[in-house]
Amino acid sequence: MTYRFGYLYALILAGTIASPARSEGGSDACAAGKRLYMEKCSQCHGESGDGKGVGADFFNPRPRDFTSGAFKLRTTESGELPTGGDLAKVIRNGMPYTGMPAWPRFSDGEVADLVCFLKTLNPDFADTSVHPKTVTVPKPPAYREESARKGRAIYEENKCLDCHGSLGRGDGESAPTLKDDWGNPIRPADLTRRWTFRGGHRREDIYRTFMTGLNGTPMPSFMASVKEEDRWPLVDYVYSLSKGDDPGYASMVTAVSAKLPKDADGIREALARSKPALFPVIGQVIEGRRNFFPAANAVEVRAAYDSESVAILVSWHDMSPQTSGSNSPLASKGDSSRAPLTDAVALQIPFKAPEGNAKPYFLAGDKKNPVEFRFADLGKGEIRDFLGKGWSGLTASGAAVKADARYDSGEWSVLFLRPRRPAKGLAMDRGVFVPIAFSVWDGFSGESGEHGGVTSWYTLYLKPPEEGSPILPAAARALAALAAGAAIVFAARFRLGRPGAAALSKSHLSVDTESGDPR
Amino acid sequence: MNFWVVVPMVLALIGLRFLKPGILLWLAAWWGGCFIFLRFGILPPLPSSIIGLFMAILTAALALYGTADADKLSAIGKSLRAFLMERRFAPWLWGSLVVIPLLVGFNAYRQATSEAVAPATGRTIHPAPPSEITFRGKKIDILKASNPFRELEGKDKAAFAGHVAGGRAIYYKNCVFCHGDNMEGDGLYSHGLDPQPANFADPTTIAMLQESYLFWRIAKGGPGLPEESAPWASAMPAWEATLGEDEIWDVILFLYSFTGRKPRAQERAE
């Protein structure tokens, strides 16, 4: 709540305790906004609003340069400045999956002050004679499957797939070439994960996005090219690509008991019946050569097992497959030799059964508790086993085997097959919970070694096969309980009712009469 | 704490007291009340193994209480007998003969059909610090060390502000991704971490710790934690590798200045 006091203090300084004027452009309000900005925003957006704060280099997309006048989220037409309301909304809601945080704690007055100050950073805002045309979003009709199907054609016609890809995973033909207005590489949104949309994931938000376009980025406005009757179908199509509003991140992946055939196709088919678990991937911002903006934001995992092996299928979205060159999990000194890097993925489990709760360190293990680190280089198409005692303590521990890795429409999927009871390493028994973690590297973004995307520890559970319906055993238990209860009651009554217990039954009779029982 | 469960339950127990229940009913009420509290009254829910443990202890305690002296024992014996034999309790007796097996059956069914959950693991958030650490070859006494720049606060305001500003730059280059721009532990990557990054705005973190404790936590990070704090899962980096001694003291100043919290006073060394 410190900022509240800062704000009050600012008002006092401005000498307007009695009438905290907050009319837009009023210099008092802007002074209050400036103070707040200097405390809460300048470390990213820069003291002069040029987007060059001390923290700016650690975010991608970079913090906005307010002097440029280019804003992504607007209700105004392409190329125009945003309205004050637009800016207020961004400040309140933030921009998901970017460095721009949401600020729900500000009062409406404080947000208005900030907006006022932001507008002083670009002279064009001062010109009040021009009124930018705004795009009104009509009341959305109810979502319909049929409309979404129609929307697919509009998606194709308007070449959304050139950037966003055929299945919307952000893997379009031109995706790797895109840059924003400041020359930084930018990725088209992954339309199958609408929770990552900067401007919100409601259908109204998607409508507004393609009508206004995102200034400063290659995402254009389609106001002129998409006819009115096609707009909601296009929205519905984009909307239909995601499973939900929120990612539903899991903490456990359940391996189902299945027949695992010898061939990869057959195994993948068996895996298709298991429930996928989505685990968030974050930048390795902890040690060595840190990675502040990993390319992947999640891995989806499925698992199945038979008496011999466990099959784990790891898939994630990747804008473009990098298969020429090589990659390695070994800690790199950040050498700039820049041999082409390939995409890669690793699966990690403890090397020995955890004692109690103790696990290895989640980043490639530690000296006391090493990990089994299975690294798949998708260029060479092979999986190699390492023993991990931290990034700098990874040693190869076995010959490479061929990997079943496939890239399809913006998604890599890699099959890991592991014996359930290897000669060395953790035995995976039915009904036990095994710690499991993942790392992914995107060759295109120069990720290798400890400079990649990682997950925390999650859990792999080998679910025992279901044996018939659970109703019968439940009924049997209930009957057993009934029998036991009845036996106790009758035995007790019999004993207490015996002549030897006459005194007792007498007292019981007297109690009965005392209580006035009518029967 | 789920007040919607706890408050009515406490009221019910108090109400029951006024009805002067028999000792058996009273013990049963305690048993049931504690179970409901453990099972539904605590948020986030306790793992069932922990509930089982507590209930076993409670059962033993209640049994001990009930059999503590001859009076209570005979009172219990009497009410048990009454419950089993007397007509006026007959509906309750037969009712419980039906209801208890139904509950047992339902529970067995639920257990068989529910998804398995990984056993929860407890963790000590603020373990006792080591008395001394070696920081880049230098010994630092964690129990006695104090922030060398703290005294500037009263003496040299400008110099103090300089250290806070230095700490601010360090924070936004190194810590913001996890601990968040507003220091509430909700940074960009916090959703992918368990345990969650510490929330410095919360009164139970830095406000109740000494600055030297923070120095230890920042210098040695997750890997420097003792076993009971699950060092293997904590993403808190060990900043010794990246930040110097003065830089760590600076960022500590900034944590307190931004949140408006005060460090716990250093205990006087005897």
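Since this is a predicted model, take the numbers as computed values, not measurements.

A closer look at the domain arrangement of chain B
- With domains assigned, chain B is organised as domain 1 (3-107) and domain 2 (132-259).
- Inter-centroid distance (C-alpha atoms) of domain 1 of chain B to domain 2 of chain B is 48 Å.

Some details on the pairing of strand β6 (residues 344-350) of chain A
All names here are of chain A.
- Within β6, seven of the seven residues are buried, leaving the element largely enclosed by the surrounding structure.
- Going residue by residue along β6, you find Ala-344, Ala-346, Gln-348 and Pro-350 tucked away on one face and Val-345, Leu-347 and Ile-349 tucked away on the opposite face as well.
- Across five bridges, the pairing between β6 and strand β13 (residues 433-441) is antiparallel. Counterpart to Leu-347 in the pairing with β13 is Phe-438.

Re helix α3 (residues 48-66) of chain B
All names here are of chain B.
- The first and last C-alpha atoms of α3 sit 26 Å apart over 19 residues, in line with the 27 Å expected at 1.5 Å per residue.
- Within α3 the residues assigned to the buried category are Ile-51, Met-55, Leu-58, Leu-62 and Gly-66. One side of α3 holds all its buried residues, which, seen down the axis, span an arc of 65°. Residues of α3 that are exposed and point over 90 degrees away from its buried face: Ser-49, Leu-53, Ile-57 and Leu-64.
- The inward-facing, buried residues of α3 abut α2 (23-41) and α4 (70-85).

Notes on the packing of helix α4 (residues 84-93) of chain A against helix α5 (residues 108-119) of chain A
Residues and elements named next belong to chain A.
- Between α4 and α5, the least distance of the axes is 9 Å, while the angle of their chain directions is 120°. In this view, α4 runs oblique relative to α5, as classed from their interaxial angle. The two elements α4 and α5 meet at a crossing, and its hand is right-handed. Taken together, the residues of α5 that come into contact with α4 (itself represented by Gly-84, Leu-87, Ala-88, Ile-91 and Arg-92) are Asp-108, Val-111, Leu-114, Val-115, Leu-118 and Lys-119.

Thoughts on the packing of helix α11 (residues 471-497) of chain A against helix α5 (residues 90-113) of chain B
- Two elements in contact, α11(A) and α5(B), have axes whose closest approach is 8 Å; the angle formed by their N-to-C orientations is 155°. When the interaxial angle is binned, α11(A) and α5(B) end up roughly antiparallel. Note on packing geometry: the crossing formed by α11(A) with α5(B) is right-handed. Side by side, α11(A) and α5(B) meet where Ile471(A), Ala474(A), Arg477(A), Ala478(A), Ala481(A), Leu482(A), Gly485(A), Ala486(A), Val489(A), Phe490(A) and Arg493(A) of the first sit next to Leu93(B), Trp94(B), Leu97(B), Pro101(B), Val104(B), Gly105(B), Ala108(B) and Tyr109(B) of the second.
- Here the residues of the contact of α11(A) with α5(B) are counted per class, giving 15 nonpolar, two polar and two charged.

With respect to the nonpolar core
- The biggest cluster of nonpolar side chains holds 65 residues, and the ones touching the most others in it are Phe373(A), Tyr171(B) and Phe215(B).
- Elements with a minimum of two residues in this core: β6, β7 (371-377) and β13 of chain A together with β1 (132-135), α7 (157-174), α8 (176-179), α9 (211-220) and α10 (245-259) of chain B.
- Ranked by residue count, the leading element in this core is α10(B), at nine residues.
- Not counting residues within four places of it along the chain, the set of residues in contact with Tyr171(B) comprises Val176(B), His179(B), Gly180(B), Met183(B), Phe200(B), Val251(B), Phe254(B) and Leu255(B).
- Counting residues in hydrophobic clusters, the runner-up holds 41 residues, among them Phe66(A), Val90(A), Trp103(A) and Met211(A).

Looking at the pairing of strand β15 (residues 458-462) of chain A
Residue and element names in this part refer to chain A.
- With five of five residues buried, β15 lies mostly within the body of the structure.
- Along β15, one buried face is formed by Tyr-458, Leu-460 and Leu-462 and the opposite face, lined by Thr-459 and Tyr-461, is buried too.
- Pairing of strand β1 (residues 252-257) with β15 involves four bridges; the strand directions are parallel. Across the sheet, residue Ala-255 finds its bridge partner in β15, namely Leu-462.
- Pairing between β13 and β15: four bridges, direction antiparallel. Among the inter-strand pairings, Pro-435 is bridged to a residue of β15, identified as Thr-459.

Here's the deal with the state of the cysteines
All names here are of chain A.
- Counted under the stated rule, the structure contains one disulfide over all chains.
- The partner cysteine of Cys-30 in its disulfide is Cys-116, sulfur to sulfur 1.9 Å. Its torsion about the S-S bond being -75°, the disulfide of Cys-30 and Cys-116 is classed as left-handed. Taken together, the residues Cys-30 in helix α2 (residues 27-40) and Cys-116 in helix α5 connect sequence positions 86 residues apart.
- Lacking any disulfide linkage, Cys-44 is separated from the closest cysteine sulfur, that of Cys-41, by 8.7 Å.
- Cys-44 gets classed as buried once you look at its relative accessible area, which sits at 14%.

Overview of unusual backbone geometry
- For the bond from Asn60(A) to Pro61(A), the omega torsion is 0°, close enough to zero to count as cis.
- With respect to the helices, strands and loops of the structure, Pro61(A) is situated in the loop between α3 (42-45) and α4.
- Residue Pro195(B) is bonded to the preceding Asp194(B) through a cis peptide linkage, with omega at 5°.
- Position of Pro195(B) among the secondary structure elements: in the loop between α8 and α9.

Things to note about the packing of aromatic side chains
All names here are of chain B.
- The full count for this structure, using the stated rule, is 32 aromatic pairs over all chains.
- Each ring, one from Tyr-172 and one from Phe-254, has its centre 6.1 Å from the other, and the planes form 65°; the classification is edge-to-face. Of this pair, Tyr-172 sits in helix α7 while Phe-254 sits in helix α10, and the two are 82 residues apart along the sequence.
- Looking at Phe-254, the relative accessible area reads 3%, which means it is buried.

So, the environment of Val7(B)
- Tracing the chain through its elements places Val7(B) in helix α1 (residues 3-18).
- In sequence terms Val7(B) and Phe37(B) are 30 residues apart; their C-alpha atoms lie 9.9 Å from each other.

Notes on the environment of Ser68(A)
Residues and elements named next belong to chain A.
- The topology assignment puts Ser-68 in the loop between α3 and α4.
- Each C-alpha atom of the pair Ser-68 and Leu-121 lies 8.9 Å from the other, and the pair is 53 residues apart in sequence.
- The contacts of Ser-68, once residues within four sequence positions are left out, are Asn-122 and Trp-182.
- At 3.1 Å, the side chain of Ser-68 forms a polar contact with the backbone nitrogen of Ala-70.

Re the pattern of salt bridges
- All chains considered together, the criterion is met by 33 salt bridges over all chains.
- With a closest N to O distance of 3.5 Å, Glu300(A) and Lys243(A) form a salt bridge. One end of the pair, Glu300(A), is in strand β4 (residues 298-305); the other, Lys243(A), is in the loop between α9 (228-240) and β1, and 57 residues separate them in sequence.
- A residue is classified by how much of its surface remains accessible, and Lys243(A), at 75% relative accessible area, is exposed.
- The salt bridge involving Glu86(B) is made with Arg88(B); its shortest N-O contact spans 2.9 Å.
- Exposure remark for Glu86(B): the relative accessible area of 3% places this residue in the buried category.
- The structure contains a network of salt bridges with shared partners spanning Arg202(A), Glu204(A), Asp205(A) and Arg208(A).

Observations regarding the interface of chain A and chain B
- With 65 residues of chain A at the contact, the number on the chain B side is 52 residues.
- In total, chain A and chain B occlude about 5100 Å² of area from one another, counting both sides; carbon and sulfur atoms represent 66% of this.
- Scanning the region where chain A abuts chain B turns up 13 residue pairs in polar contact (both at pLDDT 80 or more).
- Element by element, the count of residues in the side of chain A that touches chain B is highest for α11(A), at 14 residues.
- Here the residues of the side of chain A that touches chain B sort into 37 nonpolar, 15 polar and 13 charged.

Focus: the side chain of Glu372(A)
All names here are of chain A.
- Relative to the helices and strands, Glu-372 is located in strand β7.
- In terms of polar contacts, Glu-372 uses its side chain to reach the side chain of Arg-418, at 2.8 Å.
- When sequence neighbours within four positions are dropped, the list of residues in contact with Glu-372 reads Leu-347, Gln-348, Ile-349, Pro-350, Phe-351, Phe-386, Arg-418, Gly-425 and Leu-426.

The rules we used
- Residues numbered from 1 in each chain as written.
- Chains lettered and ligands numbered in written order.
- Predicted model: local features only at pLDDT ≥ 70, side-chain atom pairs only at ≥ 80, totals over all residues.
- Heavy atoms only, no water.
- Domains from an automatic or database assignment.
- Buried < 20%, exposed > 50% of the residue type's maximum accessible area, 1.4 Å probe, protein only.
- Helix = DSSP H or I, 4+ residues; strand = E, 2+ residues; numbered from the N terminus.
- Pairing = 2+ DSSP bridges.
- Expected span 1.5 Å × (residues − 1).
- Arc of directions from axis to C-beta.
- Contact = heavy atoms within 4.5 Å.
- Axes fitted to C-alpha atoms, helices over the stretch in contact; angles between N-to-C directions.
- Parallel < 35°, antiparallel > 145°, perpendicular 65-115°, else oblique.
- Left-handed = near helix turned anticlockwise from the far one by under 90°.
- Nonpolar A, V, L, I, M, F, W, Y, C, P; charged D, E, K, R; others polar.
- Core = buried A, V, L, I, M, F, W, Y, C linked by side-chain atoms within 4.5 Å.
- Disulfide = S-S within 2.5 Å.
- Phe/Tyr/Trp six-rings, centres within 6.5 Å; stacked < 30°, edge-to-face > 60°.
- Polar contact = N/O pair within 3.5 Å; in protein donor to acceptor, adjacent residues only side chain to side chain.
- Salt bridge = Lys/Arg side-chain N within 4 Å of Asp/Glu carboxyl O.
- Buried area = accessible area lost by both parts, 1.4 Å probe.

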